[in-house]
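# Secondary and tertiary structure notes
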Amino acid sequence: DQQVKQNSPSLSVQEGRISILNCDYTNSMFDYFLWYKKYPAEGPTFLISISSIKDKNEDGRFTVFLNKSAKHLSLHIVPSQPGDSAVYFCAASAQGTYKYIFGTGTRLKVLA
Amino acid sequence: DAGVIQSPRHEVTEMGQEVTLRCKPISGHDYLFWYRQTMMRGLELLIYFNNNVPIDDSGMPEDRFSAKMPNASFSTLKIQPSEPRDSAVYFCASTPGPQYEQYFGPGTRLTVT
């Protein structure tokens with residue numbers, strides 16, 4: 001049972017446009033969410049996080065939105081750059097646990 | 001800090017052989033995690049340790065897999081005997097505490113023929 005789902009395996013966006021990556025979760029106990037970026041032959045690196053007490057968190061070109069009622073979060077990248085081309089994973093954890101459940105990832109390709 | 005260190009980066013072995021993957025976490029991080037990445041299942045948590053003690057090994061696929069953390073600066077993931085379906089990229093990650101970001105190593109790409 002996949003508790004964290006990224007239903008789009010891949011996404012292509014033109015440079016300068018907005019990239020929107022989506023993530024759905026099923027466990028209502030999840031209260032902390034993160035996005036990681038992964039380049040080939042490297043480990044995932046932390047990008048941005050959001051707590052369930054917020055519905056938005058922004059860091060430069062990256063914004064994460066959380067819709068608790070829909071159990072949905074999204075990552076917006078504006079403007080998209082070719083260097084953003086990578087696999088993006090969302091992850092979730094529940095208070096009192098110390099582990100993250102990861103989605104299967106979305107491969108973003110930003111076209112120059 | 002050098003970050004999380006994993007070795008080897010690549011391992012090719014024959015079915016039935018024993019494989020040992022190694023990880024050195026970031027100094028001062030009390031939590032260590034082992035993940036496996038596959039196309040179908042993404043990043044799966046195999047096991048995690050807190051202060052060198054295994055806390056949750058529910059993700060370990062079967063008895064062929066074992067993990068140890070003899071001290072705060074070293075952990076191993078062992079597969080014995082290895083099978084072709086174990087082929088994947090294995091990541092180690094560490095973090096200073098719960099609900100902090102995890103810092104990942106570069107991974108070990110395992111190929112079992």
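Reference entry: report on the structure contained in this document. Nothing here was measured: the structure is a model prediction, and the numbers come from that model.

Often the size quoted for an interface is simply the accessible area lost on bringing the parts together. Chain B puts 22 residues into the contact, and the matching count from chain A is 22 residues. When the two sides are added together, the surface that chain B and chain A hide from each other amounts to roughly 1700 Å², 58% of it contributed by carbon and sulfur. Taken together, the connections running from chain B to chain A amount to one salt bridge. Linking chain B with chain A are four residue pairs in polar contact (both at pLDDT 80 or more), by the criterion used here. Of all the elements in the fold, those that place two or more residues in the side of chain B that touches chain A are β4 (31-38) and β5 (42-50) of chain B. The residue makeup of the side of chain B that touches chain A, split by class, is twelve nonpolar, six polar and four charged.

Here we take up the pairing of strand β6 (residues 56-59) of chain A. Residues and elements named next belong to chain A. As paired strands, β6 and strand β7 (residues 62-67) are joined by four bridges and run antiparallel to one another. The residue of β7 that forms the bridge with lysine 56 is phenylalanine 65. Between β6 and β7, which pair antiparallel one after the other, the connecting turn spans two residues, and glycine 60 there sits at a positive phi close to 65°.

The next thing to look at is the pattern of salt bridges. All names here are of chain B. Counted by the stated rule, this structure contains eleven salt bridges over all chains. Note that arginine 41 is salt-bridged to glutamate 44, the shortest N-O span being 2.8 Å. Residue arginine 85 is joined to glutamate 62 by a salt bridge in which the shortest nitrogen-to-oxygen separation is 3.2 Å. Linking arginine 85 in the loop between β8 (74-79) and β9 (88-95) with glutamate 62 in the loop between β6 (53-56) and β7 (65-71), this pair joins segments that are 23 residues apart in sequence. Several salt bridges converge on common partners, so that one network encompasses Glu62, Arg64, Glu83, Arg85 and Asp86.

Pairing in this open sheet of five strands is antiparallel, and the strands run β1-β3-β8-β7-β6 (chain A) from one edge to the other. A single partner strand is all that each edge strand has here, and the edge strands are β1 (4-5) and β6 of chain A.

Our focus in this paragraph is the state of the cysteines. Taken as a whole and judged by the stated rule, the model has two disulfides over all chains. Across a sulfur-sulfur distance of 1.9 Å, A:Cys23 and A:Cys90 are joined as a disulfide pair. Measuring the twist about the S-S bond at about 65°, one finds the A:Cys23-A:Cys90 disulfide to be right-handed. Separated by 67 residues along the polypeptide, A:Cys23 in strand β3 (residues 19-25) and A:Cys90 in strand β9 (residues 86-94) bring together distant segments of the chain. Its relative accessible area of 1% is what places A:Cys23 among the buried residues. With its sulfur 1.8 Å from that of its partner, B:Cys23 forms a disulfide with B:Cys92. Its S-S torsion of approximately -65° makes the covalent link between B:Cys23 and B:Cys92 left-handed. Of the two residues, B:Cys23 is situated in strand β3 (residues 19-24) and B:Cys92 in strand β9; the sequence distance between them amounts to 69 residues. For the pair B:Cys23 and B:Cys92, a shared accessibility class is recorded, and that class is buried.

Moving on to the sheet that holds β8(B). Residues and elements named next belong to chain B. The sheet built from four strands is open, its strands ordered β1-β3-β8-β7 with antiparallel pairing. Each edge of the open sheet is held by one strand with a lone partner, namely β1 (5-7) and β7. Here the strands of the sheet are splayed against their neighbours by 15° on average, with no regard to which way each runs. Two strands pair when backbone bridges link them, and β3 and β8 are joined in this way by five bridges, in the antiparallel orientation. Opposite leucine 21, over in β8, you have leucine 77 as the bridge partner.

Moving on, we get to the nonpolar core. All names here are of chain A. Core analysis: the largest hydrophobic core is formed by 24 residues, its most contacted members being Phe30, Phe33, Trp35, Leu73, Leu75, Ile77 and Tyr88. Those elements that place two or more of their residues in this core are β3, β4 (30-38), β5 (45-51), β7, β8 (72-77), β9 and β11 (106-111). When residues in this core are grouped by element, the largest group, five residues, is from β9. With residues up to four places along the chain from it excluded, the contact list for tyrosine 88 reads Gln6, Leu21, Trp35, Tyr36, Lys37, Leu47, Leu75, Ile77, Gly105, Thr106 and Leu108.

Basis of the calculations
- Residues numbered from 1 in each chain as written.
- Chains lettered and ligands numbered in written order.
- Predicted model: local features only at pLDDT ≥ 70, side-chain atom pairs only at ≥ 80, totals over all residues.
- Heavy atoms only, no water.
- Contact = heavy atoms within 4.5 Å.
- Buried area = accessible area lost by both parts, 1.4 Å probe.
- Salt bridge = Lys/Arg side-chain N within 4 Å of Asp/Glu carboxyl O.
- Polar contact = N/O pair within 3.5 Å; in protein donor to acceptor, adjacent residues only side chain to side chain.
- Helix = DSSP H or I, 4+ residues; strand = E, 2+ residues; numbered from the N terminus.
- Nonpolar A, V, L, I, M, F, W, Y, C, P; charged D, E, K, R; others polar.
- Pairing = 2+ DSSP bridges.
- Disulfide = S-S within 2.5 Å.
- Buried < 20%, exposed > 50% of the residue type's maximum accessible area, 1.4 Å probe, protein only.
- Axes fitted to C-alpha atoms, helices over the stretch in contact; angles between N-to-C directions.
- Core = buried A, V, L, I, M, F, W, Y, C linked by side-chain atoms within 4.5 Å.

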